[in-house]
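# Fold and geometry: a report
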Amino acid sequence: RLTLDLRSGGEVRIHGADVDRVRVRATLGGRDWRDETVELSRQDGGVLLRTDYTHAAASHSSSDAYEIEVPRRFDIHVESAGGGVKIRDVEGHFDGHTGGGELGLEGVKGTVRLSTGGGEVRTSGTELEGSVSTGGGPVVISDNRGNLTGTSGSGPVVRADRPTVITGSGAAASAGSVNGAADISGVGVSPSGRITASAGGIVSGMLHIDRAGGNIDLDEAPVGAAVSTGGGR
């Protein structure tokens, strides 16, 4: 289990590899980077990465980045003052919160309960059960096998049904899901909230777009769409 206690925040990228140890490469920047401490240590059942400021102040300013390599089967717990978190090619349980920044999950398997104070959330090629959430920003759940839900305080939540195929004809016809999850990696959401689902990109399966409140602005729906908003156009 990797526990991140990042009291000074930072951008985090975690990827799984065929290794039996945890490796961290840290890059510290910003006005107050000299006032930071970074400690990597063993703890029961895993590894702890902790960062903090050595002196109390009304405000701090830093711009840090962490590249972390872990074994492919590893749990991850995140508590961060702020900054994006991206996890790739790891199987386990993922939970925690970052004060703000993007959440990205790619090639990840297991269970998840992750949240961000604000920023885009996007999944791709995952096998996940659980939930992801953001205080504000879009959530795009693409190519996930499993029951994964997304919520956003202001942005749209976009997912897609698995595409279906009809086999046989007449009374013998039957419908079934295409092997695999719906891939909507071709869906983009602009800062203004405009959703682009061009047939030129990858969009398989009918889109479902939900928003707690506000307008839904969808350019195209090449495979169809079902949309709802708590209030707006």
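So, on to the overall build of the protein. Each helix and strand counted, the protein has 0 helices and 23 strands in total. For the protein, the proportion of its 233 residues judged to be buried stands at 40%. Accessible surface, the protein as shown: approximately 11,500 Å² in total, 46% of it carbon and sulfur.

Our next topic: the layout of surface pockets. For the largest pocket, the calculated volume is near 260 Å³. Along the wall of the largest pocket there are 16 residues; nearest its centre are Arg13, Lys86, Ile87, Gly104 and Glu106. Where the lining of the largest pocket is concerned, the elements lending two or more residues are β2 (11–17), β8 (85–88), β10 (103–106) and β12 (121–124). Element by element, the count of residues in the lining of the largest pocket is highest for β10, at 4 residues. Among the residues making up the lining of the largest pocket, the classes are represented as 4 nonpolar, 4 polar and 8 charged.

Okay, the pairing of strand β16 (residues 157–160) next. Remember that side chains alternate between the two faces of the sheet whenever the strand is regular. Pairing geometry for strand β14 (residues 139–141) and β16, over 2 bridges, is parallel. In the strand pairing of β16, Val140 is matched with Val158. Taken together, the 4 bridges between β16 and strand β21 (residues 207–211) define a ladder with antiparallel strand orientation. The partner of Ala160 across the bridge, within β21, is Leu207.

Attention shifts here to the sheet that holds strand β23 (residues 225–229). Strand order across the open sheet formed by 10 strands is β3-β6-β2-β8-β10-β12-β14-β16-β21-β23, with mixed pairing between neighbours. A single partner strand is all that each edge strand has here, and the edge strands are β3 (23–27) and β23. The sheet shows a mean angle of 10° between the axes of neighbouring strands, direction not considered.

The next subject is the pattern of salt bridges. Counting across every chain of the model gives 12 salt bridges. Ionic pairing is found between Asp5 and Arg50, a salt bridge with its closest N-O pair at 3.1 Å. One end of the pair, Asp5, is in strand β1 (residues 2–6); the other, Arg50, is in strand β5 (residues 46–53), and 45 residues separate them in sequence. What makes Asp5 buried here is its relative accessible area of 15%. For Asp18, the salt bridge goes to Arg72, with nearest N and O atoms at 2.8 Å. With Asp18 in the loop between β2 and β3 and Arg72 in the loop between β6 (65–71) and β7 (76–80), this residue pair connects regions lying 54 residues apart in the sequence. Among the ionic contacts, a cluster of salt bridges with common partners joins Asp5, Arg7, Arg50 and Asp52.

Here we take up the nonpolar core. Residues Leu2, Leu4, Ile14, Ile68, Ile87 and Phe94 are the most contacted members of the largest nonpolar core, which totals 30 residues. Residues in contact with Ile14, not counting those within four places in the same chain, are Leu2, Leu4, Ile68, Val70, Ile76, Lys86, Ile87 and Arg88. Of all hydrophobic cores here, the second largest spans 13 residues; its members include Val140, Ile195, Leu207 and Ile216.

What the 3 strands build is an open sheet, ordered β19-β20-β22; its pairing is mixed. Single-partner strands in this sheet number two, and they are β19 (188–189) and β22 (217–218). Two strands pair when backbone bridges link them, and β19 and strand β20 (residues 194–196) are joined in this way by 2 bridges, in the antiparallel orientation. Looking across to β20, one finds that Val189 is bridged to Ile195.

So, on to the pairing of β5. Most of β5 is tucked away: 6 of the 8 residues are buried. Here 5 bridges tie β1 to β5, and the two strands are oriented parallel to one another. Each residue of the ladder has a partner; that of Leu2, found in β5, is Val47. Counted along the chain from strand β4 (residues 36–43) to the antiparallel partner β5, the turn is 2 residues long, and its residue Gly45 has a positive phi close to 80°.

Calculation criteria
Residues numbered from 1 in each chain as written. Predicted model: local features only at pLDDT ≥ 70, side-chain atom pairs only at ≥ 80, totals over all residues. Heavy atoms only, no water. Helix = DSSP H or I, 4+ residues; strand = E, 2+ residues; numbered from the N terminus. Buried < 20%, exposed > 50% of the residue type's maximum accessible area, 1.4 Å probe, protein only. Areas by Shrake-Rupley, 256 points an atom, 1.4 Å probe, with all protein chains shown as cover. 1 Å grid on protein atoms, 1.4 Å probe; cavity = no way out; pocket = protein on both sides within 12 Å on 5 of 7 lines; lining within 4 Å. Points joined across faces, edges and corners; volume = space filled by probe spheres on them. Nonpolar A, V, L, I, M, F, W, Y, C, P; charged D, E, K, R; others polar. Pairing = 2+ DSSP bridges. Axes fitted to C-alpha atoms, helices over the stretch in contact; angles between N-to-C directions. Salt bridge = Lys/Arg side-chain N within 4 Å of Asp/Glu carboxyl O. Core = buried A, V, L, I, M, F, W, Y, C linked by side-chain atoms within 4.5 Å. Contact = heavy atoms within 4.5 Å.

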